[in-house]
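Summary of structural features
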Amino acid sequence: MNTATPTLGAYRPAMHYACKDTWLNDPNGLVFHDGIYHLYYQNNPFGNVHNNMSWGHATSTDLVNWDEQPVAIPCDETEEIFSGSIVVDQDNTAGFGMSGTTPLVAVYTSAYKAGSAHEGMQAQSIAWSTDGGYTWTKYSGNPVLTRKSPEFRDPKVFRYEGPAGSYWVMAAVEAHDYAVLLYRSDDLKNWEYLSTFGPANGTGGIWECPDLFELPVDGDAGNTRWVLTVNMNPGGPNGGSAGQYFVGEFDGVTFTSGTTVTEGMQEPERVVDYHWLDWGRDYYAAVSFSNVPGGRRLMIGWMNNWQYANHIPTSPWRSPMSLVREVSLASVHGEPRLVQQPAPECTAGSVPGPARSLPLNGKVAVDGGTPVQLIEATFTAGTASEFGLVVRGAGNGSSGTRISIRPGTGQLMLDRTNSGDTGFHEAFPSISTAPLPARDGTYSLRIFVDHCSVEVFAQGGLVTLTELIFPDPSDTGITVFSTGGTAEASLQLTDLA
Ligand code: FRU
């Protein structure tokens, strides 16, 4: 195991956003406006552990290169600024616009501090910006929605335009009730209760950071479904924080889903049956951008896990975001399922290396591994019980992050027990698994490697598995292997830095 200290700088990602020298957690207020993608996030402006929650801010024009901006909405003596969302108030429904400007309105959770008027409560508040999202003013009538609850948070607001009318809808959680509450408003200031969804499916931990959006099925604009995502901590399929999704219908009042189970606490063995946004341990609090042109649905997750988030060995910054994912719905055995791929911007301008065919019967070391890379591999099962790759290894396959497939049980596995520095928290060295059915007898993996992470997009993005790793910077080896027999692999490497 390596000691962390000499390699701290080396863990800083090239393609993922991380703060310069502070802490971040959930993505907040993701919005596209006037040609710029805005990424706000839970930020401690004064340190690199979770505290002093404020909204940090970064901007990008290409979804890959982000510029850190001054803190957008700082905490103060009365409240911390918990997670939320931003809408472009095109028609000035809230009245914050001035002539010639389109206001952005942030809807966030006020986590009230001891000694404040709403001490101990979490309620929803708003702030507005008329300079394109750089400076913000809190509304004097805050909070705009309270249930006098200590766990009511993470408002995601979107514009509903449908048979029921045209209005703002907010999804927020009552975290300990495993419930997503829906409200409507005409002016972002007055909110009327619509309905509650949950408990349902995964209820092993509290529910946080919901999102609700409509997507075409198989690209058919005439056949849409609504997707409700909700993050959960702990209780993920491989431990700790994770996100699940439900596909269903939203009629402007109520969200319904065929996958709903409403008896309350789940039996733990059911988790493999549910739909997870990501099966890895480091994709949490995922939410989508608003106002993206062309109907694209883009999401970002926080690449960390509350089990060990405050301990990961990076300094002075702590925690990266995931790559930006473009999500869609595709029919699988007649059922719409969420498909996720990194936004095409992540590979724009890169040149894939040569495709190689590798007959496997044991280990094959492959040249060309780098710390910032797309590794595309397709495997066809032979007689082997297991096959896959070791990435960010010492080169001989003896150490590194092991990503493998067991065709007999239909499982994808990611083993980071020997991935580098794993000793900073007992929950970190781990083996994660996900169900992975073959497609036409093959298994395809797109693996994005970036200094301190691996994001696996399997079978065209139907299964994703995202994890942090802290390898020695010089360990860039790739080994492809089969165990106990034969398999065929085809492999292509694309450098991304
Ligand atoms: C999720 C979360 C949110 C909350 C925020 C506080 O990671 O717990 O529910 O708004 O983080 O930082």
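Residues numbered from 1 in each chain as written. Predicted model: local features only at pLDDT ≥ 70, side-chain atom pairs only at ≥ 80, totals over all residues. Heavy atoms only, no water.

When helices and strands are counted, the chain shows zero helices and 32 strands. Viewed in the frame of its principal axes, the chain has a C-alpha envelope of about 70 × 50 × 45 Å. The buried share of the chain, reckoned over its 497 residues, is 58%. If you take every contact in the chain between residues at least 6 apart in sequence, the share linking residues at least 24 apart comes to 61%. A total accessible area of about 17,800 Å² is found for the chain, and carbon and sulfur atoms account for 49% of it. For the chain, the distance from the average position of its 27 positive side-chain charges to the average position of its 52 negative side-chain charges is 2 Å. (Helix = DSSP H or I, 4+ residues; strand = E, 2+ residues; numbered from the N terminus. Buried < 20%, exposed > 50% of the residue type's maximum accessible area, 1.4 Å probe, protein only. Contact = heavy atoms within 4.5 Å. Areas by Shrake-Rupley, 256 points an atom, 1.4 Å probe, with all protein chains shown as cover. Lys, Arg positive; Asp, Glu negative; His and termini not counted. Charge placed at Lys NZ, Arg CZ, Asp CG, Glu CD.)

Further remarks concern the sheet that holds strand E30 (residues 463–468). Pairing between the strands of a sheet comes from backbone hydrogen bonds, and it takes one of two forms, parallel or antiparallel. The strand order across the open sheet built from six strands is E21-E32-E23-E28-E29-E30, with neighbouring strands paired in antiparallel fashion. In this open sheet, the two strands that pair with only one neighbour each are strand E21 (356–360) and E30. Neighbour-to-neighbour, the strand axes of this sheet turn through a mean angle of 20°, independent of strand direction. When E21 meets strand E32 (residues 487–495), the two strands line up antiparallel, connected through five bridges. The residue of E32 that forms the bridge with Arg-356 is Leu-491. (Pairing = 2+ DSSP bridges. Axes fitted to C-alpha atoms, helices over the stretch in contact; angles between N-to-C directions.)

This paragraph deals with the nonpolar core. Ranked by internal contacts, the top residues of the largest apolar core, which has 59 residues, are Trp-207, Phe-379, Leu-389, Leu-412 and Leu-445. Counting the residues that make up this core, at least three belong to each of domain 1 (23–345) and domain 2 (349–495). Other than its neighbours up to four places away in sequence, Leu-412 contacts Ile-403, Ser-404, Ile-405, Ser-432, Thr-433, Ala-434, Leu-436, Leu-445, Val-456, Ala-458, Val-463 and Leu-465. Membership of the second largest hydrophobic core comes to 28 residues, among which are Phe-32, Leu-39, Phe-82 and Ala-111. (Core = buried A, V, L, I, M, F, W, Y, C linked by side-chain atoms within 4.5 Å. Domains from an automatic or database assignment.)

For the chain, the domain assignment lists domain 1 (23–345) and domain 2 (349–495). Across the contact, 29 residues belong to domain 1 and 28 residues belong to domain 2. When domain 1 packs against domain 2, the two sides together hide about 2,300 Å² of surface, and 60% of this comes from carbon and sulfur. Counting every contact that joins domain 1 to domain 2 gives two salt bridges. Between Arg-416 and Asp-282 there is a salt bridge, with its nearest N and O atoms 2.9 Å apart. Our enumeration of links across domain 1 and domain 2 arrives at 21 residue pairs in polar contact (both at pLDDT 80 or more). For the side of domain 1 that touches domain 2, the elements supplying multiple residues, two or more each, are strand E19 (325–332) and strand E20 (335–342). In terms of residue count, E20 provides more of the side of domain 1 that touches domain 2 than any other element does, six residues in total. Partitioned by chemical class, the residues of the side of domain 1 that touches domain 2 number 15 nonpolar, nine polar and five charged. (Buried area = accessible area lost by both parts, 1.4 Å probe. Salt bridge = Lys/Arg side-chain N within 4 Å of Asp/Glu carboxyl O. Polar contact = N/O pair within 3.5 Å; in protein donor to acceptor, adjacent residues only side chain to side chain. Nonpolar A, V, L, I, M, F, W, Y, C, P; charged D, E, K, R; others polar.)

Bringing the pairing of strand E26 (residues 411–415) into the picture now. Counted residue by residue, E26 has four buried out of five residues, so it is predominantly covered. Where strand E25 (residues 401–406) and E26 come together, five bridges link them in antiparallel fashion. In the strand pairing of E26, Ser-404 is matched with Met-413. Joining the antiparallel neighbours E25 and E26 is a turn of four residues, in which Gly-410 adopts a positive phi near 60°. Alignment of E26 against strand E27 (residues 431–435), held across five bridges, turns out to be antiparallel. Bridge pairing in E27 places Asp-415 opposite Ile-431.

The next subject is the pattern of salt bridges. Following the criterion strictly, the structure yields 20 salt bridges and no others. Residue Lys-20 pairs with Asp-21 through a salt bridge whose shortest N-O separation is 3.3 Å. Taking relative accessible area as the criterion, Asp-21 reaches 36% and is therefore assigned partly exposed. Salt bridges here are not isolated pairs; linked through shared partners, they connect Glu-151, Arg-153, Asp-154 and Glu-208.

It is worth spelling out the environment of Thr-22 at this point. Its location among the elements puts Thr-22 in the segment before strand E1 (23–33). Here the alpha-carbon distance between Thr-22 and Asn-48, two residues 26 residues apart in the chain, equals 4.7 Å. Those residues within four positions of Thr-22 in sequence are excluded, and the remaining contacts are Asn-43, Asn-44, Pro-45, Gly-47, Asn-48, Pro-316, Trp-317 and Arg-318.

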